[in-house]
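Chain by chain, the residues:
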Amino acid sequence: MTKAEDRRTLQRERLIETAEATIALSGHAALKARDLAASVGVSLGGLYNLVGDLDELMLLVSARTLRRLDAALGAEAGDDPVEQLVGAALAYCRFARDNLSLWRAVFEHHPAAVPDWHVETQLGLFRHLAEPLRRIAPHKSEAQRQLLARTWFSAVHGVVLLGLEAMLVAVPYDALEAQIAEMVRALCAGARQG
């Protein structure tokens with residue numbers, strides 16, 4: 001790798017880190033190309049030599065957030081598949097709480113097209129659900145369990161979103177975790193029977 005390529009790689013990484021820090025502090029609407037370029041020490045045109053546009057930059061930050069979420073979900077282990085899913089749901093809730101602006105940005109940013117590498121990053125999270133769901137619902141086909149995993153994620157995400165954003169009635173955080181655990185256990189009981 002040449003010195004110019006090394007410098008470009010370092011600048012690109014600094015740009016992603018700067019964007020991530022900006023989003024964490026002020027939300028993704030605070031990303032401004034001129035400010036980012038100045039903070040990284042490049043011209044506005046130089047910024048677009050590092051990333052194609054702000055959508056690409058947002059996707060790069062989003063992918064970093066999803067990889068950190070993946071690590072948080074992967075830390076949940078145990079023998080009981082229901083409790084694995086409860087643990088994963090609570091890890092998801094805690095990650096969202098502790099990384100609220102970055103977590104929001106993953107779902108609030110809507111680029112015109114999502115590249116395959118980002119789709120793969122998103123779908124990779126579902127592997128944390130696959131094995132517990134296989135054990136809970138061995139009678140279901142793989143396609144049915146994939147649908148169940150998406151349903152499970154949507155339900156957990158919805159409760160987390162409503163709870164953390166206090167969209168309906170404010171729920172104390174401890175009650176939110178209890179609500180999530182109860183919901184996941186109920187979903188698992190239904191999956192075992194159906």
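Just so it is clear, the structure is predicted and the values come from calculations on it, not from any experiment. (Residues numbered from 1 in each chain as written. Predicted model: local features only at pLDDT ≥ 70, side-chain atom pairs only at ≥ 80, totals over all residues. Heavy atoms only, no water.)

**Remarks on the packing of helix 5 (residues 81–98) against helix 8 (residues 127–136)**
Phase 1: Taken N-terminus to C-terminus, the directions of helix 5 and helix 8 make an angle of 150°; their axes are 8 Å apart at the nearest point. As summarised for this structure, helix 5 and helix 8 are arranged roughly antiparallel, according to the angle between their axes. Crossing geometry of helix 5 relative to helix 8 is assigned as left-handed. Within the contact between the two elements, helix 5 uses Pro 81, Val 82, Gln 84 and Leu 85 and helix 8 uses His 128, Leu 129, Pro 132, Leu 133, Arg 135 and Ile 136. (Axes fitted to C-alpha atoms, helices over the stretch in contact; angles between N-to-C directions. Helix = DSSP H or I, 4+ residues; strand = E, 2+ residues; numbered from the N terminus. Parallel < 35°, antiparallel > 145°, perpendicular 65-115°, else oblique. Left-handed = near helix turned anticlockwise from the far one by under 90°. Contact = heavy atoms within 4.5 Å.)

**Here's the deal with the state of the cysteines**
Phase 1: Within this structure, the stated rule accounts for 0 disulfides.
Phase 2: We note that Cys 93 lacks a disulfide partner, and the nearest cysteine sulfur, in Cys 188, lies 17 Å from it.
Phase 3: Overall, the relative accessible area of 0% leaves Cys 93 in the buried class.
Phase 4: Overall, the relative accessible area of 3% leaves Cys 188 in the buried class. (Disulfide = S-S within 2.5 Å. Buried < 20%, exposed > 50% of the residue type's maximum accessible area, 1.4 Å probe, protein only.)

**Quick look at the packing of aromatic side chains**
Phase 1: This structure, assessed with the given rule, holds 5 aromatic pairs.
Phase 2: Geometrically, the ring pair formed by Trp 103 and Phe 107 is edge-to-face, given 5.8 Å between the ring centres and 65° between the ring planes. With Trp 103 and Phe 107 both in helix 6 (residues 100–108) and 4 residues apart, the pair spans about one turn of that helix.
Phase 3: We classify Phe 107 as partly exposed; its relative accessible area is 32%.
Phase 4: Among the aromatic residues, those joined into a cluster by ring pairs are Tyr 92, Trp 103, Phe 107, Phe 126 and Phe 153.
Phase 5: One Lys or Arg, Arg 150, reaches over the ring of Phe 126 and ends 5.4 Å from the middle of that ring. (Phe/Tyr/Trp six-rings, centres within 6.5 Å; stacked < 30°, edge-to-face > 60°. Lys NZ or Arg CZ within 6 Å of the ring centre and 35° of its normal.)

**Points about the pattern of salt bridges**
Phase 1: Applying the stated criterion across every chain, the model contains 11 salt bridges.
Phase 2: Across the salt bridge formed by Arg 127 and Asp 70, the nearest N and O atoms sit 2.7 Å from each other. One end of the pair, Arg 127, is in helix 8; the other, Asp 70, is in helix 4 (residues 54–74), and 57 residues separate them in sequence.
Phase 3: Close ionic contact of Asp 98 with Arg 97 constitutes a salt bridge, the shortest N to O distance being 2.8 Å.
Phase 4: On the accessibility criterion, Arg 97 (36% relative accessible area) is partly exposed.
Phase 5: The network of salt bridges with common partners includes Glu 13, Glu 20, Arg 64 and Arg 68. (Salt bridge = Lys/Arg side-chain N within 4 Å of Asp/Glu carboxyl O.)

**Notes on the domain arrangement of the protein chain**
Phase 1: Domain annotation for the protein chain reports domain 1 (1–52) and domain 2 (54–192).
Phase 2: Here domain 1 and domain 2 have C-alpha centroids that lie 29 Å from each other.
Phase 3: In this complex, domain 1 contributes 17 residues to the contact, which on the side of domain 2 involves 12 residues.
Phase 4: Summed over both partners, the interface of domain 1 with domain 2 comes to about 1,400 Å²; 68% of that surface belongs to carbon and sulfur atoms. (Domains from an automatic or database assignment. Buried area = accessible area lost by both parts, 1.4 Å probe.)

**With respect to a nonpolar patch on the surface**
Phase 1: Nonpolar side chains collect at one region of the surface, where Val 114, Val 119 and Leu 123 lie side by side and expose about 200 Å² of accessible area between them.
Phase 2: Within the secondary structure layout, Val 114 lies in the loop between helix 6 and helix 7 (116–124). (Patch = residues over 30% accessible without salt bridge, like charges linked within 9 Å, V, L, I, M, F, W, Y side chains within 5 Å. Areas by Shrake-Rupley, 256 points an atom, 1.4 Å probe, with all protein chains shown as cover.)

**Side note on the side chain of Thr 65**
Phase 1: Of note, Thr 65 is situated in helix 4.
Phase 2: When near neighbours in sequence (up to four residues on either side) are disregarded, Thr 65 contacts Phe 95, Leu 102, Trp 103 and Val 106.

**Focus: the UniProt feature "domain: HTH tetR-type" (unreviewed entry) in the protein chain**
Phase 1: As recorded in UniProt, the feature "domain: HTH tetR-type" (unreviewed entry) lies at residues 9–69.
Phase 2: Summarising residues 9–69: 80% helix, 0% strand, and an end-to-end C-alpha distance of 24 Å. (UniProt positions renumbered as here; feature names shortened; annotations may be inferred.)

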